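Working through the structure, step by step
Residues per chain are reported as follows:
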Amino acid sequence: MQPTPAEVARTLAAGRLPGTAHIACRPSPHRVRHATDAAGRVLMLVPAGGELADSLRPAEGTDDVAVVLDVQDVPPVAGSPTLGRVWVSGWAAPLTGVEARQAAQDFVDIDPVGDLLDVGRGQVLFRMEPAEVRLEVGGRIRDIDPDEYAAAEPDPLQAVEWDLLTDLADHHVPEMAEFIQRQLAGSGHTGPDGPPPRVVRLDRYGFVVALGAPGREYRARLAFPRPVADRADLARLLHPVLCRRCAVTP
């Protein structure tokens, strides 16, 4: 089991990676602070009165402006494969009043930046309704149905992936190497000779591991017995693996 293309797109667009806004018929691109709400709509937090805010303001007689949000994955550790790149296109409009307050709450759930307290004064929130979603992975571009994108959930481990990978690399190499070799053997494969296998990515569905010597590595995916809900759920799932060597016999 692994993330669907729609889930990958939602994870990339969630707001924890740098984003760039391309605005139709206006000066661009612009780096933009963004997040997505529960429906996958893009929220952009923009300083009032700046060039980006001016570019996002709808022209007279219109209600919105065409925008493309461009987000490229940043692999968490050396040797991690990239999740790819997503482009979310749609129509953006400024928010005020109750809508702006609700959007600020949605934004803070992803990125609790202090400037959200200044929405309506020194900061403006724009919301973009996605009309088209495109995902590039490994040089292949595919269209994602906007309804499937909206229904998908960002990966719950994205925000803590670096912490988890670093912890495994610093404190649990023997346990993970033993576990990975058992999993490979159970599927009829054996890992190559060389350094211990390394976990280089993880998500709610499983690990991506690097096997073999540097320069001759290949990657394999190991699935969890079930998708995990969050970091605590992952810890419960891995506890028997990571604590095999620390078990105390009465």
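Residues numbered from 1 in each chain as written. Predicted model: local features only at pLDDT ≥ 70, side-chain atom pairs only at ≥ 80, totals over all residues. Heavy atoms only, no water.

**Thoughts on the side chain of His34**
Relative to the assigned elements, His34 resides in strand E2 (residues 30-36). A residue is classified by how much of its surface remains accessible, and His34, at 2% relative accessible area, is buried. A distance of 3.4 Å separates a polar atom in the side chain of His34 from the backbone oxygen of Ala13. Not counting residues up to four positions away in its chain, the partners in contact with His34 are Ala13, Gly15, Leu17, Pro18, Gly19, Val42, Leu43, Met44, Leu69, Val71 and Phe107. (Helix = DSSP H or I, 4+ residues; strand = E, 2+ residues; numbered from the N terminus. Buried < 20%, exposed > 50% of the residue type's maximum accessible area, 1.4 Å probe, protein only. Polar contact = N/O pair within 3.5 Å; in protein donor to acceptor, adjacent residues only side chain to side chain. Contact = heavy atoms within 4.5 Å.)

**Things to note about helix H1 (residues 5-13)**
When you tally the buried positions in H1, you get eight out of nine residues, the bulk of the element. Contacts made by the buried residues of H1 are with E2, strand E4 (65-72), strand E5 (85-94), strand E6 (123-137), strand E7 (140-144) and helix H4 (146-151). Of the residues one or two after H1, Gly15 is the one with positive phi, at around 130 degrees.

**Considering helix H5 (residues 161-171)**
The complete set of buried residues in H5 reads Glu161, Leu164, Leu165 and Leu168. Take H5 and look down its axis: the buried residues cluster within an arc of 95 degrees, on one side only. With respect to the buried face of H5, the exposed residues turned more than 90 degrees away are Asp170 and His171. (Arc of directions from axis to C-beta.)

**Topic: the confidence of the model for the chain**
A residue-level look at the chain finds 94% of positions with pLDDT of 70 or above and a mean pLDDT of 90. The weakest mean pLDDT in the chain belongs to helix H6 (residues 173-186) at 82; the strongest belongs to H1 at 98. (pLDDT = per-residue confidence, 0-100.)

**Let's talk about the packing of aromatic side chains**
On inspection of all chains with the given rule, the structure shows one aromatic pair. When the centroid spacing of 5.0 Å and the interplanar angle of 80 degrees are considered together, the rings of Phe207 and Phe224 count as edge-to-face. Here Phe207, found in strand E9 (residues 206-211), pairs with Phe224, found in the loop between strand E10 (218-223) and helix H7 (231-242); they are 17 residues apart in sequence, far enough to count as distant. Residue classification places Phe207 among the buried positions, given a relative accessible area of 1%. Among the residues examined, Phe224 registers a relative accessible area of 7% and is labelled buried. Just above the ring of Tyr149 sits the side chain of Arg10; from NZ or CZ to the centre is 5.4 Å. (Phe/Tyr/Trp six-rings, centres within 6.5 Å; stacked < 30°, edge-to-face > 60°. Lys NZ or Arg CZ within 6 Å of the ring centre and 35° of its normal.)

**Describing the environment of Ala131**
Structurally, the position occupied by Ala131 is in strand E6. Residue classification places Ala131 among the partly exposed positions, given a relative accessible area of 47%. Discounting chain neighbours no more than four positions away, the residues touching Ala131 are Ser89, Gly90 and Pro146.

**Remarks on unusual backbone geometry**
Located in the positive-phi region is Cys25, a residue other than glycine, with phi close to 60 degrees. Note that Cys25 resides in the loop between strand E1 (19-23) and E2.

**Observations concerning the pairing of strand E3 (residues 42-47)**
In terms of burial, E3 is a largely internal element, five of the six residues being buried. As defined by bridge partners, E2 adjoins E3 across four bridges and the pair is classed as antiparallel. Within E3, the residue paired with His34 across the bridge is Met44. Where E2 folds back on E3, the antiparallel hairpin that results is connected by five residues, among which Gly40 adopts a positive phi of roughly 85 degrees. Sheet topology places E3 next to E6; six bridges connect them, and they run antiparallel. When the bridges of E6 are listed, Leu43 appears paired with Arg127. (Pairing = 2+ DSSP bridges.)

**Here's the deal with the side chain of Gln158**
Structurally, Gln158 can be placed in the loop between H4 and H5. Side-chain polar atoms of Gln158 contact the backbone oxygen of Thr11, separated by 3.0 Å. Setting aside residues up to four positions removed in sequence, Gln158 forms contacts with Thr11, Ala14, Arg16 and Leu17.

**Focus on the nonpolar core**
Ranked by internal contacts, the top residues of the largest apolar core, which has 30 residues, are Met44, Leu56, Val67, Val86, Val88 and Met128. Mapped onto this core, the elements with two or more residues apiece are H1, E1, E3, helix H2 (51-56), E4, E5 and E6. With near-sequence residues (within four places) excluded, Val67 lies in contact with Ala21, His22, Ile23, Met44, Leu56, Val88, Ser89, Gly90, Ala92 and Met128. Counting residues in each nonpolar core, the second largest holds 23 residues, with Leu165, Val209, Ala220 and Val241 among its members. (Core = buried A, V, L, I, M, F, W, Y, C linked by side-chain atoms within 4.5 Å.)

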